Amino acid sequence: VLDLDETLVHSSFQPTQRCQYVIPVEIEGNVYNVYVFRRPGVAEFLERMSVFYEIVVYTASMKKYADPLLDKMDPNHRISYRLFRDHCVNSEGVFVKDLGL
């Protein structure tokens with residue numbers, strides 16, 4: 001089970017030319033670009049680990065951001081399952097990942 005943000009990628013709303021992906025996300029009727037930097041070695045890591053493990057990415061991010069990003073990051077479908085914010089438990093305003101899923 002892997003986390004997405006700050007583990008596999010670093011994302012920012014600040015425009016930059018050096019990112020690997022730009023993901024447009026609609027939030028409250030406005031479209032914002034999220035600029036995403038893939039961590040070095042992520043593609044190779046997913047490729048090699050998928051031989052031995054069932055890979056699950058679990059993120060507290062919204063599906064409308066994470067799903068298109070994972071589609072771009074994982075064109076060979078090495079990630080077996082994707083869990084998003086709606087799979088988290090809201091505990092006093094904090095999204096907590098239930099690893100029981």
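The preceding data block contains the structure.
None of the values given here were measured: they were computed from a predicted structure.

If you had to explain the overall build of the protein chain to someone new, which residues and values would you point to?
Within the protein chain, the secondary structure is distributed over two helices and seven strands. If you list the helices and strands of the protein chain from N to C, you get β-β-β-α-β-α-β-β-β. Residue burial in the protein chain is summarised as follows: out of 101 residues, 31% are buried. A fraction of 60% describes how many contacts in the protein chain between residues 6 or more apart in sequence connect residues 24 or more apart. About 6,700 Å² of surface is accessible on the protein chain, with carbon and sulfur atoms providing 51% of the total. Across the protein chain, the centroid of the 11 positively charged side chains sits 6 Å from that of the 14 negatively charged ones.

A description of the pairing of strand S2 (residues 21–27) should follow, citing residues and the corresponding values.
As judged from the seven bridges shared by S2 and strand S3 (residues 30–38), these two strands associate in the antiparallel manner. Bridged to Ile27 within S3 is Asn30. Between S2 and S3, which pair antiparallel and follow one another directly, the connecting turn spans two residues, one of which, Glu28, has a positive phi of 50°.

I'd like a description of helix H2 (residues 63–73), backed by residues and values.
Tyr65, Ala66, Asp67, Leu69, Leu70 and Met73 are the residues of H2 that are buried. Those residues of H2 hidden inside the fold are in contact with strand S1 (9–12), S2, S3, helix H1 (42–49), strand S4 (55–58) and strand S5 (79–83).

Reading the values: the criteria
Residues numbered from 1 in each chain as written. Predicted model: local features only at pLDDT ≥ 70, side-chain atom pairs only at ≥ 80, totals over all residues. Heavy atoms only, no water. Helix = DSSP H or I, 4+ residues; strand = E, 2+ residues; numbered from the N terminus. Buried < 20%, exposed > 50% of the residue type's maximum accessible area, 1.4 Å probe, protein only. Contact = heavy atoms within 4.5 Å. Areas by Shrake-Rupley, 256 points an atom, 1.4 Å probe, with all protein chains shown as cover. Lys, Arg positive; Asp, Glu negative; His and termini not counted. Charge placed at Lys NZ, Arg CZ, Asp CG, Glu CD. Pairing = 2+ DSSP bridges.

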